[in-house]
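The residues making up each chain are set out below.
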Amino acid sequence: MNKQLMASLLVVLLLGACSNKAAKDASAPVADKSPAMADTGAPAAGGDTVASVVADDESGKSALLNDPSSILYKRSIYFDYDSDTINAEYRPLIEAHAKYLLAHPNARMVLQGNTDERGAREYNLSLGQRRAVAVKRVMNVLGVQDTQIETVSFGEEKAKLGCAAESCYKDDRRVDIAYQVEK
Amino acid sequence: MFRLFSFFLLLCLSVGVRAELTIDIVGGAAQQIPIAVVPFAQSPSPGDNMAAIIGADLRRSGLFRVLETRGVANQPSDAAGVRYAEWSALQAQALTVGNIQTLPGNRLKVSFYLMDVLKQNQLVGMEFEFTPAQYRITAHRIADIIYEKLTGEKGVFATKISYVTRTASHYTLQVADADGFNSQTMLTSKEPIISPAWSPDGTRLAYVSFEKKKPIIYVQSLSSGQRYVLANFKGNNSAPSWSPDGKRLAIVLSHSANSQIYTINADGTGLQPITRSSTIDTEPVWAPDGQTIYFTSDRGGSPQIYRVPAQGGNPQRVTFSGGYNVSPRVSPDGKLLAYIGLVEGRFRVAVQELTSGQVRVLSDTAKDESPSFAPNSRIILYATNVGGRGTLAAVSADGSVKQRLSESGSNVREPAWGPASK
């Protein structure tokens, strides 16, 4: 057993010990039995399976989407301050992804809206959503169904730290295209 | 094997050990009550004398001037030992004395007395039994009793607050005593955590976690750590707010369009739409009578605060001054609406009297967020930014007392003040 695997097992054991301790009170409703530790990076089971999961990951990848010279490789649409209007320069990008979805009916896309850090977190979450919806509506017009697209927002949560000027605020006001299922 | 297990337990516990919040006071009430809190007689002498914790609570409220007592020759530990002349000479109006005895079975008993120095009589004399682990909370309860006796208002020293910290690698949801001590980690995540909301009975927190790469609302028990998904619909699930009876929550869902307000049972059943607009409706919060929900909407072109019947109906606009008013919170006594307004280019905490409509801007900071009322409606806790770092601050509802709460090494945000202690 190498040191890394040993460490992973220790983390698993440790989490198990913590969660068992927490699970004693049966009076609370239980729908999600995972310990209250989100995304710790610890493998769910023994360390041996991790490598094969990474290898399997490649089988679902699309060569088209991952070709750096393809327009489909571009995944971000930027917006003006307090605006959800899509600038004309992004039309070809959105049209290319809409075409891809129409050609790959099993593909699933998430449009992730973002804002800069100014203002209230929850209101910014809604502003980011409005931008994601604006991109989705263009795709709808191009014939893509809502079943293939989910619009979500990170609001200001992914905004750059320590930004205090338009030069970096503008990078935060965007919708990112992410594929949950590539083909 | 036993030693190995002990090691794990130690690590589990150490998750909860972290830097404490420290609180600085800026300003104070014009009329502060001068009070002497004599160190409580206790053998063996503890690290933190109970009187020091009580004195710090009273001082932090901004309503008391806690006097230095070391120069007084006679240090009484019960009502009978008090020689009033010595405390009048110190110009104390009130005096607290007490003593702590050790009982069998690792229990303690505190006896304390609150004296009116001017009238030379006893206002309070009480005893509490407690365990060593309850030392600080017992001190806070005594401070609450003193505060209420001398100001006529409920104290909030024996309450809890929650907040979110962000470090370079992760986010945590913390619960701590109102003085920043005893912080404990409820959740650790690599992804953001926002909008914690206390259940009215103080046993659970609802919050929004991005751990699944989208906003999902969870409800988590403080005592057991067990949690469940309250809402995970397509799109965003955010901005939870408990109804005053704890049976339902107002939440925000987007599905495939803009954010709209819904109510849902605390077990995740019985979803009911409250607003139906094509604009943004978000940040719902229940008024304490349970009849009205206040929320933020940009239906008028700029974000403003509106109210709607909790069963649904026609929204009415509530804020009119300024072009950006968000994050409404109604005081527990139902009299004040606190919110964040963009005033002279700065996001600041403001309050509006709900009957008169009169507005006061309370804070003098610039990037204020997430106001939260203390259970006695007197203090508003909020997040702000000082020197590029997220920190918490508090301001009294009349604007006279301001506090800064900071934690070394991390960004602190999203404060929520828990309900009154039982």
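Residues numbered from 1 in each chain as written. Chains lettered and ligands numbered in written order. Predicted model: local features only at pLDDT ≥ 70, side-chain atom pairs only at ≥ 80, totals over all residues. Heavy atoms only, no water.

Per an unreviewed UniProt entry, the recorded name for chain B is Tol-Pal system protein TolB, and the organism is Pseudomethylobacillus aquaticus. Quoted straight from UniProt, the Function (unreviewed entry) entry for chain B says "Part of the Tol-Pal system, which plays a role in outer membrane invagination during cell division and is important for maintaining outer membrane integrity." (UniProt positions renumbered as here; feature names shortened; annotations may be inferred.)

Named according to an unreviewed UniProt entry, chain A is Peptidoglycan-associated lipoprotein originating from Pseudomethylobacillus aquaticus. The UniProt entry for chain A carries this comment under Subcellular location (unreviewed entry): "Cell outer membrane".

Draft legend 1. Representation of the overall build of chain B. Helix and strand counts for chain B stand at 4 helices and 31 strands. A sequence separation of at least 24 residues applies to 43% of the contacts in chain B between residues at least 6 apart. Of the roughly 17200 Å² that chain B leaves accessible, carbon and sulfur atoms contribute 52%. (Helix = DSSP H or I, 4+ residues; strand = E, 2+ residues; numbered from the N terminus. Contact = heavy atoms within 4.5 Å. Areas by Shrake-Rupley, 256 points an atom, 1.4 Å probe, with all protein chains shown as cover.)

Draft legend 2. Geometry of helix H4 (residues 135-151) of chain B. Residue and element names in this part refer to chain B. Taking 1.5 Å as the rise per residue, H4 with 17 residues should run 24 Å; its terminal C-alpha atoms sit 24 Å apart, in good agreement. All of the buried residues in H4 are Tyr135, Arg136, Thr138, Ala139, His140, Ile142, Ala143, Asp144, Ile146 and Tyr147. One or two residues past the end of H4 sits Gly152, with phi positive at roughly 80°. (Expected span 1.5 Å × (residues − 1). Buried < 20%, exposed > 50% of the residue type's maximum accessible area, 1.4 Å probe, protein only.)

Draft legend 3. View of helix H3 (residues 91-103) of chain A. Residue and element names in this part refer to chain A. When the terminal C-alpha atoms of H3 are compared, their 18 Å separation across 13 residues agrees well with the 18 Å that a helix rising 1.5 Å per residue should span. Residues of H3 that are buried: Leu93, Ile94, Ala96, His97, Ala98, Tyr100 and Leu101. Considering only its buried residues, H3 is in contact with strand E2 (76-78), strand E3 (108-114), helix H4 (121-141), strand E4 (149-155) and strand E5 (174-181).

Draft legend 4. Quick peek at the pattern of salt bridges. In this structure the tally under the stated criterion is 36 salt bridges over all chains. As a salt-bridge pair, Glu353 of chain B and Arg360 of chain B come within 3.4 Å of each other at their nearest N and O atoms. With a relative accessible area of 28%, Arg360 of chain B lands in the partly exposed category. Three or more residues are tied together by salt bridges with common partners; here these are Arg121, Glu156 and Glu157 of chain A together with Glu369, Arg413 and Glu414 of chain B. (Salt bridge = Lys/Arg side-chain N within 4 Å of Asp/Glu carboxyl O.)

Draft legend 5. Looking closely at the nonpolar core. By size, the foremost hydrophobic cluster in this structure holds 26 residues, and its most contacted members are Phe40, Met50, Ile54 and Leu58 of chain B. Those elements giving two or more residues to this core turn out to be strand E2 (33-37), helix H2 (50-60), strand E5 (94-103), strand E6 (107-116), strand E7 (121-130) and H4 of chain B. For this core, the element with the most residues is H4 of chain B, which contributes 6 residues. With residues up to four places along the chain from it excluded, the contact list for Ile54 of chain B reads Val37, Phe40, Ala139, Ile142, Ala143 and Ile146 of chain B. With 25 residues, the next largest nonpolar core counts Ile94, Tyr100, Ala134 and Tyr179 of chain A among its residues. (Core = buried A, V, L, I, M, F, W, Y, C linked by side-chain atoms within 4.5 Å.)

Draft legend 6. Representation of the sheet that holds strand E26 (residues 359-361) of chain B in the model. Residue and element names in this part refer to chain B. Across the sheet, which stays open at both edges, the 4 strands sit in the order E23-E24-E25-E26 with antiparallel pairing between neighbours. Bordering the open sheet on either side are strand E23 (325-330) and E26, each of which pairs with just one other strand. Neighbour-to-neighbour, the strand axes of the sheet open up by a mean angle of 25°, direction not taken into account. For strand E24 (residues 336-343) and strand E25 (residues 346-353), the ladder comprises 8 bridges, and the chain directions are antiparallel. Looking at E25, one finds that Tyr339 is bridged to Ala350. (Pairing = 2+ DSSP bridges. Axes fitted to C-alpha atoms, helices over the stretch in contact; angles between N-to-C directions.)

Draft legend 7. Spatial organisation of the pairing of strand E14 (residues 227-231) of chain B. All names here are of chain B. Along E14, 4 of the 5 residues are buried, which leaves the element largely enclosed by surrounding structure. The pairing of strand E13 (residues 216-221) with E14 spans 4 bridges and is classified as antiparallel. Within E14, the position partnered with Ile217 by the bridge is Ala231. Connecting E13 to the antiparallel partner E14 that follows it, the hairpin turn spans 5 residues, and Gly225 within it adopts a positive phi of roughly 80°.

Draft legend 8. Just the state of the cysteines, in detail. Residues and elements named next belong to chain A. Under the definition given, this model contains 1 disulfide over all chains. The residue that forms a disulfide with Cys163 is Cys168, at a sulfur-sulfur distance of 2.0 Å. Since a negative S-S torsion denotes a left-handed disulfide, the Cys163-Cys168 link at about 110° is right-handed. (Disulfide = S-S within 2.5 Å.)

Draft legend 9. Quick look at the packing of H2 of chain B against H4 of chain B. Residues and elements named next belong to chain B. Interhelical geometry of H2 versus H4 gives an angle of 50° and a closest axis separation of 9 Å. Looking at the two axes, H2 sits oblique to H4. As H2 packs across H4, the resulting crossing turns out to be right-handed. On the side of H2, the interface is formed by Met50, Ile53, Ile54, Asp57 and Leu58, while H4 contributes Tyr135, Arg136, Thr138, Ala139, His140, Ile142, Ala143, Ile146 and Tyr147. Taken together, the residues of the contact of H2 with H4 sort by class into 10 nonpolar, 2 polar and 2 charged. (Parallel < 35°, antiparallel > 145°, perpendicular 65-115°, else oblique. Left-handed = near helix turned anticlockwise from the far one by under 90°. Nonpolar A, V, L, I, M, F, W, Y, C, P; charged D, E, K, R; others polar.)

Draft legend 10. Expanded view of the sheet that holds E13 of chain B. Residues and elements named next belong to chain B. Here 4 strands make up an open sheet; going across it, the order is E11-E12-E13-E14 and the pairing antiparallel. Unpaired on one side and paired on the other, strand E11 (193-198) and E14 mark the two borders of the sheet. Taken pair by pair, the neighbouring strands of this sheet meet at an average axis angle of 25°, ignoring direction. Sheet topology places strand E12 (residues 204-209) next to E13; 6 bridges connect them, and they run antiparallel. Bridge pairing in E13 places Val208 opposite Ile217.

Draft legend 11. Looking closely at unusual backbone geometry. Residues and elements named next belong to chain B. Of note, the amide linkage connecting Ser43 to Pro44 takes the cis form, showing an omega dihedral of -5°. We note that Glu283 has phi near 55°; this positive angle belongs to a residue other than glycine. Assignment of secondary structure puts Glu283 in strand E19 (residues 281-286). Its identity as a non-glycine residue notwithstanding, Ser327 has a phi of 55°, on the positive side. As for its position among the elements, Ser327 is in strand E23.

Draft legend 12. Here's a closer look at the side chain of Lys214 of chain B. Considering the arrangement of structural elements, one finds Lys214 of chain B in the loop between E12 and E13. At 3.5 Å, the side chain of Lys214 of chain B forms a polar contact with the side chain of Asn232 of chain B. In terms of polar contacts, Lys214 of chain B uses its side chain to reach the backbone carbonyl oxygen of Gly235 of chain B, at 3.1 Å. Not counting chain neighbours up to four residues away, the residues in contact with Lys214 of chain B comprise Glu150, Val152 and Phe154 of chain A together with Ser209, Asn232, Phe233, Lys234, Gly235 and Asn237 of chain B. (Polar contact = N/O pair within 3.5 Å; in protein donor to acceptor, adjacent residues only side chain to side chain.)

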